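# Summary of the model geometry
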Amino acid sequence: MSDVAFAGLIAAVFTPMCPDGSLRLECVPGLVDRLEAHGVRGVFVCGSTGEGMSLTVEERMQTAEAYLHACSGRLRTMIQAGHDCLSDAARLARHAESLGVDAISATPPSYFRPRTISEVLDCCETVSAAAPATPFFYYHIPSLTAVEIDPAELLGEARMRIPQFAGIKLSHPDLAVAAACLRVPGDFEILYGCDESLLGALALGVHGAVGSTYNFSAPLYLRMIEAFVRGDLEEARHCQNLAASMIDAVLKTCGRSGMKAMMGLCGQECGPSRLPLADPVAGRVEELRQRLEAMGFFSWLRPDEVEERPVEVEG
């Protein structure tokens, strides 16, 4: 079994909301129960899926507290503390450490963007210094931050400046980027963030993955990992293709906010998204449901087909 701290599937969790857009954190324990039952190993809180950048600092703290309380002793926890205001990011990191989280992650500022590796590390250093006893992960998602740096080069320099630098949450579709990061010495964890190509990342040697679709389809990905571990590549490819088809259906019918709508289709309503994300209209959600039924999606989600302990990839 891998001894990597964040091995297995880590769900980038949703922030449940009421119809008026206020937080509905009483839903969090039920969401965590579902994740545990479906073999998920941990949660990534207030990231892109959790609409962290659309929440106030106080709301992010409340959300972190709700998930930490619900996950205690059951799932590992990582809080995303990135913010355009670095003092607010540091405040979020300090709060997360006070809760006893397993790790902190942070995107770089994305309005006035750092342009060089040194500038990115300046930002990471400011945030991580507020939580010196907690492992820190850089969150690389250039499609949203527009911060285009070489993450492998960042790894090569990070630990000289940030002793608790643990790795990267890598949301980049180019598997060559993941491969380059995995070649950097230093026992860094590369947490892969593109659900539709997880199988390729496993083949490269990735041990952990953070993704939004693990909230509602973890059993499918666990079957894929099981098949990969036993060498059944045909079955593993079949599962990955099913997952990619599901993701394609969500995005083409409902867009990014369709991921949150999926929870309602799976019987665990998380409420609306917050602007600037627009909720899908009812007709689009029904179209999505029909497409999912046609591909057999709802028959993939039986956790009784998954081993009691979640599968990890051997190193």
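What comes next concerns the included structure. Residue indices follow the written sequence of each chain, beginning from 1 at its first position. For a predicted model such as this one, the threshold for reporting local features is a pLDDT of at least 70, and the threshold for listing and counting side-chain atom pairs is 80 or more; totals across whole chains, interfaces and linings nevertheless cover every residue. Note that water and hydrogens are dropped before the side-chain values are worked out from all heavy atoms of the structure.

### Looking at the overall build of the chain
Under the scheme used here, helices are H or I runs from DSSP no shorter than 4 residues and strands are E runs no shorter than 2 residues, and both carry numbers assigned from the N terminus. Regarding its fold elements, the chain presents twelve helices and eight strands. The C-alpha atoms of the chain give a radius of gyration of 18 Å, which matches the 20 Å a tight globule of 315 residues would have. Along the longest, intermediate and shortest principal axes, the C-alpha atoms of the chain span 50 × 50 × 35 Å. The criterion used for residue contact is that any of the two residues' heavy atoms lie within 4.5 Å. Across the chain, the fraction of contacts at a sequence separation of at least 24, relative to all contacts at a separation of at least 6, is 74%. Carbon together with sulfur atoms contributes 52% to the accessible area of the chain, which is approximately 12,900 Å² in total. When charges are counted, Lys and Arg are positive and Asp and Glu negative, with His and the chain ends excluded. Where a charge lies is defined by one atom per residue type: Lys uses NZ, Arg uses CZ, Asp uses CG and Glu uses CD. Computed over 26 positive and 41 negative side-chain charges, the separation of the two mean positions in the chain equals 3 Å. Every radius of gyration here is taken over C-alpha atoms, with the globule rule written as 2.2 Å times N^0.38, N being the number of residues. Throughout, the Shrake-Rupley method with a 1.4 Å probe supplies accessible areas, and for residues the shown protein chains are the sole cover considered.

### A few points about the environment of Gly271
Mapping Gly271 onto the fold places it in the loop between helix H11 (258-265) and helix H12 (282-294). Expressed as a C-alpha distance, the spacing of Gly271 and Ser197, which sit 74 residues apart in the sequence, is 28 Å. Once residues within four sequence positions are removed from consideration, Gly271 is found in contact with Met17 and Lys260.

### Overview of the pattern of salt bridges
The salt bridge definition used is simple: a Lys or Arg side-chain nitrogen within 4 Å of an Asp or Glu carboxyl oxygen. Applying the stated criterion to the full structure yields 14 salt bridges. For the salt bridge of Lys260 with Glu51, the shortest nitrogen-to-oxygen distance reads 2.7 Å. Taken as a pair, Lys260 in helix H11 and Glu51 in the loop between strand E2 (42-45) and helix H2 (57-71) lie far apart in primary sequence, 209 residues in all. Each residue is assigned to one of three classes by its accessible area relative to the maximum for its type, calculated with a 1.4 Å probe on protein chains only: buried under 20%, partly exposed between the two thresholds, exposed over 50%. Overall, Lys260 belongs to the buried group, its relative accessible area being 3%. Between Arg230 and Asp232 there is a salt bridge whose closest N-O contact spans 3.6 Å. The exposure class of Arg230 is exposed, given its relative accessible area of 54%. Through salt bridges with shared partners, one network takes in Asp33, Glu36 and Arg74.

### What to know about the pairing of strand E3 (residues 76-80)
With four of five residues buried, E3 is to be regarded as a mostly interior element. Here, a strand pair is defined by DSSP locating no fewer than two bridges between the strands. Note: E2 against E3, four bridges, orientation parallel. For Phe44, the partnering residue across the bridge sits in E3 and is Met78. The pairing of E3 with strand E4 (residues 103-106) spans three bridges and is classified as parallel. What sits directly across from Met78, in E4, is Ala103.

### Here we look at the nonpolar core
Think of a nonpolar core as a cluster: buried Ala, Val, Leu, Ile, Met, Phe, Trp, Tyr and Cys residues, connected wherever their side-chain atoms sit within 4.5 Å. By size, the foremost hydrophobic cluster in this structure holds 97 residues, and its most contacted members are Leu154, Phe165 and Met246. Broken down by element, the residue count for this core peaks at ten residues, all from helix H9 (residues 214-230).

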